[in-house]
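Understanding the architecture of this molecule
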Amino acid sequence: MVQGTTTARELARRSQAAVAAKDRDAWLSLFASDAVLQDPIGPSPLDPLGAGHRGRDAIAAFYDNVIAPPERITFEIERSYQCGDEVADVGVIRTTLAGGQHVAVVRGVYTYRSNGAGQLAALRAFWEFDAVELTSA
């Protein structure tokens, strides 16, 4: 990482802040035009083929379908490991579902890779869809 450039950890924190603030434009601006988002990695109801969401249009659709509908999303990062142009965050994402009565608790490892030019080249989330905890708000 060149001194003075935005680190992957800084990009991760900006991503998390934009999601928590429900700031679609700020979140989308963090991604390079050829970025890939895999959340979670592999096939799931959010990505049936498991190929990820590639490019800004696909990432914008992910935002509209997954991030926008819940009432609130918060991040609790327990540990963070910066290595070169990547960071791995270990923690919990709590999503208050529409209606505000239930919270989906997702424990995982969330990785962010910088393209070296101040944008995200990749956001990958390691979590198990079947292990999501649904609790009362």
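Residues numbered from 1 in each chain as written. Predicted model: local features only at pLDDT ≥ 70, side-chain atom pairs only at ≥ 80, totals over all residues. Heavy atoms only, no water.

**A closer look at the pattern of salt bridges**
Here the structure, examined in full by the defined rule, presents 4 salt bridges. Measuring nitrogen to oxygen at the nearest pair gives 2.6 Å for the salt bridge that ties R94 to E76. Placement of R94 in strand β4 (residues 86-96) and of E76 in strand β3 (residues 72-83) is noted, with a sequence separation of 18 residues between them. The exposure class assigned to E76 is partly exposed, which follows from its relative accessible area of 33%. (Salt bridge = Lys/Arg side-chain N within 4 Å of Asp/Glu carboxyl O. Helix = DSSP H or I, 4+ residues; strand = E, 2+ residues; numbered from the N terminus. Buried < 20%, exposed > 50% of the residue type's maximum accessible area, 1.4 Å probe, protein only.)

**Here's the deal with the environment of V105**
Residue placement: V105 occurs in strand β5 (residues 102-114). Its relative accessible area of 2% is what places V105 among the buried residues. Those residues within four positions of V105 in sequence are excluded, and the remaining contacts are V92, I93, R94, V132, E133 and T135. (Contact = heavy atoms within 4.5 Å.)

**Re the packing of aromatic side chains**
Centre distance and the angle of the planes are the two values used to describe a pair of aromatic rings. Taken as a whole and assessed by the stated rule, the structure comprises 3 aromatic pairs. Residues W27 and F31 carry aromatic rings whose centres are separated by 4.8 Å and whose planes lie at 70° to one another, so their mutual orientation is edge-to-face. F31 matches W27 in its accessibility class, with the two residues each being buried. Ring geometry for W27 and Y63: centres 5.5 Å apart, planes at 40°, overall tilted. Of this pair, W27 sits in helix α2 (residues 24-29) while Y63 sits in helix α3 (residues 56-67), placing them 36 residues apart in sequence. In terms of burial, W27 and Y63 fall into one category: buried. Here a set of aromatic residues connected by ring pairs shows up, and it is made of W27, F31 and Y63. (Phe/Tyr/Trp six-rings, centres within 6.5 Å; stacked < 30°, edge-to-face > 60°.)

**Concerning α3**
Those residues of α3 that fall on the buried side of the exposure criterion are I59, A60, F62, Y63 and I67. Down the axis, α3 shows its buried residues gathered within 155° of arc, on one side only. In α3, the exposed positions angled more than 90 degrees off the buried face are occupied by D57 and N65. (Arc of directions from axis to C-beta.)

Coordinates in, geometry out; function isn't part of it.
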